[in-house]
Amino acid sequence: MEKPAVQCVDEAATKVQSSPARSNNNGGSMAGLSLAAAGWNNNLIVYLIQEFNMNSVSAAKVYNMANGCSTIFPILGAVVADSFLGCFSVIWISSFISLLGALLLTFTAAIDTLRPQKCDYGSDDCRNASTSQLTFLYAALALAYLGNGGTRFTIGSMGANQFQKPKHQAIFFNWYTFALYTSNVIGSTVLLYIEDNVSWVLGFAICVAFNVLGLTIFLSGQRLYRHIETQHESPFISLAQVVVAAIRKKPFSLGGEDYYHGTKSQDSATRTDFPKPSKFFRFLNRAALVTEGDKKQDGLIAEPWKLCTVQQVEDLKILIKLFPLWTTGLFLYTPLVIQASLAILQALKMDRRFGSHFKIPAGSVVVFTLISTCITITFTDRVLFPLLNRCIRTSLTPLRRVGIGHLLTVVSMALSALVESKRIKIVKSHHQNIVVAPMSVFWLAPQLAITGIGLAFHSPGYAGFYYQEFPASLKSTSTAVVAVFVGAAFYLGNGVMDLVQSVTGWLPENIDNGRLDNVFCVICVLGAANFVYYLVCASFYKYKNVDQEPNDCIDKIDSN
């Protein structure tokens, strides 16, 4: 049976002019949900150390594992959205799941029996959490991260679907990223301060309230959104059919044969302008090659696992072409997740005083990254990109933006090594054991700020690039693949940390006795090698939509 193109919005709706109210509702709900997630996620390492008596490295690994799940889950949400329920249903269901997780996490802070007996950090008399306590904690985290993963990137796809033009969609991804990181700034400052200095219970309860607020805002705009189309068949099954059909077909010369385009026989007889399959991965072209018995009398497919349309074949080829670039994102984010978790451990060992009465929470050091990301996105969207377009008639394509992000990440890792080297020297200069090095936590600001600037380039660059290049039937999946390599990077980061611990003495329980500067040097070298690999992949890639000018990706939204 001939399959219609799968989209999160129906084709009739795409002819209607986009309404700003739709994206505003998406932005408001995303801000509320992201702020809630930032409140419990960014302080998780500290919470595990202080309330569950975990050692610092173990807490960092749990943090990486949990965040890896959060960024793997979006691909599941995208599959469900593209194949069955649509974006709207996936978002509200995921939001409710994250609400349950945040509520259970609040219970772990409020009910003493759900936590081990509290002890001083670094004490030898600390009692580990029981199996039942850890089970309840991990169940709460699983629900919270599962729900957060199902909303964060699916909202991005749904928001972009509210716009018709690629340039407007690209601008949306800029401000989508801006809203995401701005809400994280608030969550990583105000909420983390409440958790560290007032009460974990109150901090987590506020997270629950913002989760409810975000869900309410999203549901209130239901009638404004372009409604999600009910899907008849998964696009992933369609891709699998191409592989199976190509394998089942016997080799042919593949020259001048009849390829199936999904039209009825009478249309095929009158039309001669059908495009032929591309020569890339010619083996797959067999799937669309019409042989005896492949079609019914009315021209439709007799067996979908033996004959596919040319469009199905080309959709699979697009994903194959994108795979090398996808792997560069995996190795880009691995240094970033290692840096983020180690920065919190560094902050715990540094002077976090700001003034005479305020102490910066260790988990709030991520704010240096978030603020620089927000500032850079505003500057590039409002100043840099229009200036480039007007003055030198050029623009930054998505791949160029990603390349700049890669380079800045390498610079950030090199600076991290230098700063940690200085911190270690200060620690070694004090012969007596010290809990906190006499070095301000603001020494971490430059490297984390450069990381944020890099994120402002490569994060919306990747999202916009995949949304533009992915097949129309996989628009929700297009943004979720970014989450996949981020999630995989958390697990790979854990693997790197395990390897460093087992092979070297650079990452002991007490980082003052280790060599974190060497760890940063290693991931800097890995980042530099990945940057070269990215340049090679990007140089060979040709944009699918050649009719879209690069300037379309950065032009301002028309006043009307």
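No experiment lies behind these values; they were computed from the predicted model shown.

**Brief notes about the overall build of the protein**
Line of reasoning, step 1. Secondary structure summary: the protein contains 15 helices and four strands in total.
Line of reasoning, step 2. Here the protein holds 560 residues, and the buried ones make up 56% of them.
Line of reasoning, step 3. Put simply, of all contacts in the protein between residues at least 6 apart along the chain, 83% involve residues at least 24 apart.

**Examining the pattern of salt bridges**
Line of reasoning, step 1. Summed over the entire model, instances satisfying the criterion amount to nine salt bridges.
Line of reasoning, step 2. For the salt bridge of Arg423 with Asp512, the shortest nitrogen-to-oxygen distance reads 2.7 Å. With Arg423 in helix α12 (residues 398–429) and Asp512 in the loop between α14 (475–503) and α15 (516–540), this pair connects stretches of sequence that are 89 residues apart.
Line of reasoning, step 3. By relative accessible area, which is 5% here, Asp512 ends up buried.
Line of reasoning, step 4. Close ionic contact of Asp517 with Arg515 constitutes a salt bridge, the shortest N to O distance being 2.7 Å.
Line of reasoning, step 5. The exposure class of Arg515 is partly exposed, given its relative accessible area of 36%.
Line of reasoning, step 6. Each of Lys349, Glu420, Arg423 and Asp512 takes part in a single network of salt bridges with overlapping partners.

**Thoughts on the environment of Leu492**
Line of reasoning, step 1. Position of Leu492 among the secondary structure elements: in helix α14.
Line of reasoning, step 2. Measuring from C-alpha to C-alpha, the distance between Leu492 and Val337 comes to 9.3 Å, with 155 residues separating the pair along the chain.

**Notes on the pairing of strand β4 (residues 437–440)**
Line of reasoning, step 1. Of the two faces of β4, only one is covered, namely that formed by Ala437 and Met439; the face formed by Pro438 and Ser440 stays uncovered.
Line of reasoning, step 2. Taken together, the two bridges between strand β1 (residues 350–351) and β4 define a ladder with parallel strand orientation. Bridging from a neighbouring strand, Asp351 pairs with Ser440 of β4.

**With respect to helix α13 (residues 445–469)**
Along an α-helix, residues three or four positions apart point the same way, because every turn accommodates 3.6 residues.
Line of reasoning, step 1. Counted at 1.5 Å a residue, the expected span for α13 with its 25 residues is 36 Å, and the 35 Å between its end C-alpha atoms agrees.
Line of reasoning, step 2. Taken as a whole, α13 carries its principal kink of about 30° at Leu455.
Line of reasoning, step 3. Among the 25 residues of α13, 21 are classified as buried, and the element is accordingly described as predominantly covered.

**Some words on the packing of aromatic side chains**
Line of reasoning, step 1. The full count for this structure, using the stated rule, is 15 aromatic pairs.
Line of reasoning, step 2. A ring pair is formed by Tyr47 and Phe52, whose centres lie 5.7 Å apart and whose planes are at 65°; its orientation type is edge-to-face. Each member of the pair, Tyr47 as well as Phe52, is classed as buried.
Line of reasoning, step 3. On the numbers, 5.9 Å between centres and 20° between planes, the contact of Phe323 with Trp326 is stacked. Placement of both Phe323 and Trp326 in helix α10 (residues 310–348) is noted, with a separation of three residues, approximately one turn of the helix.

**Quick look at the nonpolar core**
Line of reasoning, step 1. Grouped together as the largest cluster of nonpolar side chains are 111 residues, with contacts concentrated most on Trp40, Leu325, Leu342, Val365, Tyr466 and Phe485.
Line of reasoning, step 2. With 19 residues, the top contributor of residues to this core is α10.
Line of reasoning, step 3. Apart from the residues lying within four places of it in its own chain, the contact partners of Phe485 are Trp326, Gly329, Leu330, Tyr333, Tyr462 and Tyr466.

**Brief notes about the packing of α10 against α12**
Line of reasoning, step 1. Running from N to C, α10 and α12 cross one another at 30°; their axes reach a closest spacing of 11 Å. Put simply, α10 runs roughly parallel to α12. Our pair here, α10 against α12, has a crossing hand that is left-handed. Where α10 abuts α12, its residues Leu325, Thr328, Leu332, Pro335, Leu336, Gln339 and Gln346 lie against Leu399, His406, Thr409, Ser412, Met413, Ser416 and Glu420.
Line of reasoning, step 2. Class assignment of the residues belonging to the contact of α10 with α12 gives a composition of six nonpolar, seven polar and one charged.

**What to know about the state of the cysteines**
Line of reasoning, step 1. Summed over all chains, the structure comprises zero disulfides.
Line of reasoning, step 2. Cys524 supplies the cysteine sulfur nearest to Cys521, a cysteine that is in no disulfide, at a spacing of 6.9 Å.
Line of reasoning, step 3. Its relative accessible area of 38% is what places Cys521 among the partly exposed residues.

**Section: unusual backbone geometry**
Line of reasoning, step 1. Look at Asn53: it is not a glycine, yet its phi comes out positive at around 55°.
Line of reasoning, step 2. In this fold, Asn53 is placed in the loop between α2 (44–51) and α3 (56–83).

**As for the environment of Pro277**
Line of reasoning, step 1. Position of Pro277 among the secondary structure elements: in the loop between α9 (265–270) and α10.
Line of reasoning, step 2. A residue is classified by how much of its surface remains accessible, and Pro277, at 11% relative accessible area, is buried.
Line of reasoning, step 3. Through-space distance from the C-alpha of Pro277 to that of Val313 is 7.7 Å; in sequence the pair is 36 residues apart.
Line of reasoning, step 4. For Pro277, the contacting residues outside a window of four places in its chain are Tyr259, Asn285, Val310, Glu314 and Lys317.

**Here we look at a nonpolar patch on the surface**
Line of reasoning, step 1. Together, Trp92, Ile93, Phe96, Leu100 and Leu219 give the surface a local cluster of nonpolar side chains, amounting to about 410 Å² of exposed area.
Line of reasoning, step 2. Looking at the nonpolar patch, the element that brings in the most residues is helix α4 (residues 87–110), giving four residues.
Line of reasoning, step 3. Within the element layout of this structure, Phe96 appears in helix α4.

**So, the confidence of the model for the protein**
Line of reasoning, step 1. With 80% of its residues at a pLDDT of 70 or more, the protein shows a mean pLDDT of 78.
Line of reasoning, step 2. Note that pLDDT drops below 50 for residues 265–270; the model gives that stretch five contacts with residues more than four away or on any other chain.

**Considerations on the environment of Gln311**
Line of reasoning, step 1. With respect to the helices, strands and loops of the structure, Gln311 is situated in helix α10.
Line of reasoning, step 2. Placed 160 residues apart in sequence, Gln311 and Pro471 show a C-alpha to C-alpha distance of 9.3 Å.

**Some details on the packing of α4 against helix α7 (residues 200–220)**
Line of reasoning, step 1. For the pair α4 and α7, interaxial distance at closest approach is 9 Å and the crossing angle is 165°. Taken together, the axis directions place α4 and α7 in an arrangement best described as roughly antiparallel. The way α4 lies across α7 gives a crossing that is left-handed.
Line of reasoning, step 2. Across the contact of α4 with α7, the residue classes break down as 19 nonpolar, four polar and no charged.

Calculation notes
Residues numbered from 1 in each chain as written. Predicted model: local features only at pLDDT ≥ 70, side-chain atom pairs only at ≥ 80, totals over all residues. Heavy atoms only, no water. Helix = DSSP H or I, 4+ residues; strand = E, 2+ residues; numbered from the N terminus. Buried < 20%, exposed > 50% of the residue type's maximum accessible area, 1.4 Å probe, protein only. Contact = heavy atoms within 4.5 Å. Salt bridge = Lys/Arg side-chain N within 4 Å of Asp/Glu carboxyl O. Pairing = 2+ DSSP bridges. Expected span 1.5 Å × (residues − 1). Bend = angle between axes of the 7 residues up to and from the residue. Phe/Tyr/Trp six-rings, centres within 6.5 Å; stacked < 30°, edge-to-face > 60°. Core = buried A, V, L, I, M, F, W, Y, C linked by side-chain atoms within 4.5 Å. Axes fitted to C-alpha atoms, helices over the stretch in contact; angles between N-to-C directions. Parallel < 35°, antiparallel > 145°, perpendicular 65-115°, else oblique. Left-handed = near helix turned anticlockwise from the far one by under 90°. Nonpolar A, V, L, I, M, F, W, Y, C, P; charged D, E, K, R; others polar. Disulfide = S-S within 2.5 Å. Patch = residues over 30% accessible without salt bridge, like charges linked within 9 Å, V, L, I, M, F, W, Y side chains within 5 Å. Areas by Shrake-Rupley, 256 points an atom, 1.4 Å probe, with all protein chains shown as cover. pLDDT = per-residue confidence, 0-100.

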